Amino acid sequence: MLQPKKEKFIKNFRGRRRGTALRGSDISFGDFGLKAMEVAWISAQQIEACRKAISHHLKRGGKMWIRIFPDKPISGRAAGKRMGGGKGEVVKHVAVVKPGRIMFEVAGAPKEIVKEAFIRASAKLPIAVRMVEK
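What counts and how
Residues numbered from 1 in each chain as written. Predicted model: local features only at pLDDT ≥ 70, side-chain atom pairs only at ≥ 80, totals over all residues. Heavy atoms only, no water. UniProt positions renumbered as here; feature names shortened; annotations may be inferred. Core = buried A, V, L, I, M, F, W, Y, C linked by side-chain atoms within 4.5 Å. Buried < 20%, exposed > 50% of the residue type's maximum accessible area, 1.4 Å probe, protein only. Helix = DSSP H or I, 4+ residues; strand = E, 2+ residues; numbered from the N terminus. Contact = heavy atoms within 4.5 Å. Salt bridge = Lys/Arg side-chain N within 4 Å of Asp/Glu carboxyl O.

Looking up the chain in an unreviewed UniProt entry gives the name Large ribosomal subunit protein uL16, with the organism given as Candidatus Woesebacteria bacterium GW2011_GWA2_33_28. Taken from UniProt, the Sequence similarities (unreviewed entry) comment for the chain reads in full: "Belongs to the universal ribosomal protein uL16 family."

Given below as structure tokens:
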């Protein structure tokens, strides 16, 4: 799974999930991109599932770039714990995705194959996405 090698602070605040993407909203590397239409936390497991779905459908027919990285630690507590006792341990890492963010890019493959690969990848994501071209 993707996660940072080293962090300055072990646990983060939740933050505000609103607004649009300021950076990463243009296709930089490939010919096609998968763009987010909603705000969400995308976990490392979801990114890995999308990566597998896209690369499996492309069958080494193109190159893929992952434009998001899960660098936000999310802490959790056991279900039966009582109140108090501080913040829980880090259970997963997520990437904060805002509308307009390009999450995956593909180059060197036909449009029909890339479209089907992105449809399969979008089934693994909790948000609405759109395929965009350069």
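Let's shift gears to the nonpolar core. One finds Ile-42, Ile-54, Met-103, Phe-104 and Phe-118 to be the most contacted residues of the largest nonpolar core, which totals 22 residues. When contributions to this core are tallied by element, the ones reaching two or more residues are strand S1 (32-36), strand S2 (40-43), helix H1 (44-58), strand S5 (89-97), strand S6 (102-107) and helix H2 (111-122). In this structure, Ile-42 is in contact with Ile-47, Ile-68, Val-94, Ala-95, Val-97, Leu-125, Pro-126 and Ile-127, ignoring residues within four places of it in sequence.

This part is about the pattern of salt bridges. Within the structure shown, the criterion is met by four salt bridges. Ionic pairing is found between Arg-67 and Glu-105, a salt bridge with its closest N-O pair at 2.3 Å. Residue Arg-67 is located in the loop between strand S3 (63-66) and strand S4 (72-76), and its partner Glu-105 is located in strand S6; the two are separated by 38 residues in the primary sequence. For Glu-105, a relative accessible area of 0% gives the class buried.

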